[in-house]
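Secondary and tertiary structure notes
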Amino acid sequence: MASIPRIAVVGSANIDLTTFSSVFPRPGETLFGQRFDLGFGGKGANQAVAARLCGAEVLMLAKVGDDLFGDATIRNFASFGIDTTHVQMVKGVSSGAATILVEPSGQNRIIVVKGANDLLNPADVDAAAALLGTVDTIILQFEIPLQTIYHTVRFARDHKIRCIVNPAPALPADLASLAAADYFIPNETEAELLVGQPVHTLEQAGACATALLEKGFRRVVITLGARGSLIAGPEGSVHVPAFTVTAVDTTGAGDAFIGSLAVFLAEGLSERESVANANVYAALSTTRVGTQKSFPKRADFEAQRARHGGPAR
Ligand code: RIB
């Protein structure tokens, strides 16, 4: 039997305050929404939980505040069996917090206050080097300082550890400092911002992926929501269709994709099969409300995949 993947996430942890509403206020206006949900989120934490639920051993590097949410966040990681040795509580700052508005279609809008996430520094990565050096894969996103991300990409390269960079949320970044990553995985809006060209059609996604390859990335995957994903490398690009579901809340689907993809790749599945599986895992996460709490366990994912005849390849 293949060994269990060991995955580290260097990233954010937030508290998600989600309001479901069919109407959104104008300045000065107060409206009633239909439903509220409080949950553990943050792109890094979500990706760690997805990887853990898919069967990996997971190490989390993160910072939380010394408020109501910090200790609860650490306990939440521990409840999943995620290694919290390098999750630190910082005095005098808030934990990361995300205000999320969800439309009836499941589409969301998010405002994140980074709080303690913004204090995760290159020195914290160095302090975790002994453990970090033992993993198969390191995953990064953009809710922590960019300098920490660049530093961790270099760490992964120097230690020959697979590195996945998910540039979410969209921010201008020094792509040359990220190009040593093995996988660069933006969604359409992130790809648009980073490359400066539109990504509305599959052809445009292909052109954008090519532009990223020309900037030095080895493998690019652009996630396309309900249209699936596009994989690109020097040999060209291939579209991997989505798994069709009825979405109620798409929040965290991108994180479900990244966390599960890291596991499928580390298990040795082909890239295309890994992406097809991650498309299914992400789609299933949209059928339930919330982020981490919407992610299926590996057995549920396998059962659903089998019931529907497996992912489109
Ligand atoms: O990708 C979804 C996540 O984005 C939410 O959990 C929220 O915390 C924001 O980071």
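Predicted model, so just to flag it, every value in this text is computed and none were measured.

Tallying secondary structure elements over the chain gives ten helices and 13 strands in all. Against the 2.2 N^0.38 benchmark of 20 Å for 313 residues, the chain shows a C-alpha radius of gyration of 18 Å, consistent with a compact globule. Burial statistics for the chain: of 313 residues in total, 51% are counted as buried. Restricting the contact set of the chain to residue pairs at least 6 apart, pairs at least 24 apart contribute 66%. A total accessible area of about 13,100 Å² is found for the chain, and carbon and sulfur atoms account for 55% of it. Between the centroid of the 26 positive side chains of the chain and the centroid of its 30 negative side chains there is a distance of 3 Å.

Let us look at the nonpolar core. With 45 residues, the main nonpolar core has Met60, Ile185, Phe257 and Tyr281 as its most contacted residues. At the level of elements, β1 (6–10), α1 (43–53), β4 (57–65), α2 (70–80), α8 (253–266) and α9 (271–285) are the ones that each hand at least two residues to this core. Look past the residues within four positions of Ile185 in its chain and what remains in contact with it is Ile164, Val165, Asn166, Pro167, Val221, Thr223, Phe257, Ile258 and Leu261. Residues Leu132, Tyr150, Ala191 and Leu224 belong to the second largest nonpolar core, which totals 42 residues.

This brings us to the pairing of strand β7 (residues 108–113). Sheet topology places strand β6 (residues 96–102) next to β7; six bridges connect them, and they run antiparallel. Bridge assignment links Leu101 to a residue of β7, and that residue is Arg109. What sits between the antiparallel neighbours β6 and β7 is a turn of five residues, in which Gly106 has the positive phi angle 95 degrees.

Further remarks concern the packing of aromatic side chains. Going through the model one piece at a time under the given rule, you end up with four aromatic pairs. An angle of 65 degrees between the planes, with centres 5.9 Å apart, marks the rings of Tyr281 and Phe301 as edge-to-face. With Tyr281 in helix α9 and Phe301 in helix α10 (residues 298–307), the pair connects residues that are 20 residues apart, well separated along the chain. The residues Tyr281 and Phe301 share a single accessibility class, namely buried. The structure contains a cluster of three or more aromatic residues connected by ring pairs, namely Phe264, Tyr281, Phe295 and Phe301. For Arg35, the ring lying beneath its charged end belongs to Phe20, and the centroid distance is 5.6 Å.

The next thing to look at is the packing of α9 against α10. For the pair α9 and α10, the least separation of the axes is 10 Å and the interaxial angle reads 105 degrees. Classified by the interaxial angle, the pair formed by α9 and α10 is roughly perpendicular. Contacts from Asn277, Val280, Tyr281 and Leu284 of α9 reach α10 at Phe301, Gln304 and Arg305. Looking at the contact of α9 with α10 residue by residue, the class counts come to four nonpolar, two polar and one charged.

Checked against the element boundaries, Asn76 lands in helix α2. Within the structure, Asn76 has its side chain in polar contact with the side chain of Gln292 (distance 2.9 Å). When neighbours within four sequence positions are excluded, Asn76 is seen to be in contact with Phe40 and Gln292.

Taken together, 13 residues surround the ligand, and among them Asp16, Gly42, Lys43, Glu143 and Asp255 come closest. Taking Asn14, its side chain carries an N or O atom lying 3.1 Å from an oxygen atom of the ligand. Between an oxygen atom of the ligand and a main-chain N or O atom of Gly42, the distance comes to 3.0 Å. Bound to the protein, the ligand loses 97% of the 280 Å² it would expose on its own. Where the shell around the ligand is concerned, the elements lending two or more residues are β2 (14–20), α1 and β7. Taken together, the residues that form the shell around the ligand break down as three nonpolar, six polar and four charged.

Applying the stated criterion across every chain yields a total of 15 salt bridges. Residues Asp124 and Lys63 are paired through a salt bridge, measuring 2.8 Å at the closest nitrogen-oxygen approach. Of this pair, Asp124 sits in helix α3 (residues 122–127) while Lys63 sits in strand β4, and the two are 61 residues apart along the sequence. Summarising the burial analysis for this pair, Asp124 and Lys63 share the class buried.

With mixed pairing, four strands are arranged side by side in an open sheet as β3-β2-β6-β7. On the outer flanks of this sheet lie β3 (35–41) and β7, each paired with one strand and no other. In this sheet, neighbouring strand axes are inclined to one another by 20 degrees on average, regardless of whether the strands run parallel or antiparallel.

Another aspect to go through is the packing of α8 against α9. One can describe the packing of α8 onto α9 by two numbers: an axis separation of 8 Å at closest approach and a directional angle of 145 degrees. When the axes of α8 and α9 are compared, the crossing they make is right-handed. Together, Ala253, Ala256, Phe257, Ser260, Leu261, Phe264 and Leu265 of α8 and Glu271, Ser274, Val275, Asn277, Ala278, Asn279, Tyr281, Ala282 and Ser285 of α9 make up the contact between the two elements. In the contact of α8 with α9, the residues fall into ten nonpolar, five polar and one charged.

Let us now look at the environment of Val220. For Val220, the position within the fold is in strand β11 (residues 219–223). Look at Val220 and you get buried, because its relative accessible area is 0%. Apart from residues no more than four positions distant in its own chain, Val220 is found in contact with Phe184, Ala209, Leu212, Leu213, Leu230, Ile231 and Ala232.

What counts and how
Residues numbered from 1 in each chain as written. Predicted model: local features only at pLDDT ≥ 70, side-chain atom pairs only at ≥ 80, totals over all residues. Heavy atoms only, no water. Helix = DSSP H or I, 4+ residues; strand = E, 2+ residues; numbered from the N terminus. Rg over C-alpha atoms; globule rule 2.2 N^0.38 Å. Buried < 20%, exposed > 50% of the residue type's maximum accessible area, 1.4 Å probe, protein only. Contact = heavy atoms within 4.5 Å. Areas by Shrake-Rupley, 256 points an atom, 1.4 Å probe, with all protein chains shown as cover. Lys, Arg positive; Asp, Glu negative; His and termini not counted. Charge placed at Lys NZ, Arg CZ, Asp CG, Glu CD. Core = buried A, V, L, I, M, F, W, Y, C linked by side-chain atoms within 4.5 Å. Pairing = 2+ DSSP bridges. Phe/Tyr/Trp six-rings, centres within 6.5 Å; stacked < 30°, edge-to-face > 60°. Lys NZ or Arg CZ within 6 Å of the ring centre and 35° of its normal. Axes fitted to C-alpha atoms, helices over the stretch in contact; angles between N-to-C directions. Parallel < 35°, antiparallel > 145°, perpendicular 65-115°, else oblique. Nonpolar A, V, L, I, M, F, W, Y, C, P; charged D, E, K, R; others polar. Polar contact = N/O pair within 3.5 Å; in protein donor to acceptor, adjacent residues only side chain to side chain. Near = heavy atom within 4 Å. Salt bridge = Lys/Arg side-chain N within 4 Å of Asp/Glu carboxyl O. Left-handed = near helix turned anticlockwise from the far one by under 90°.

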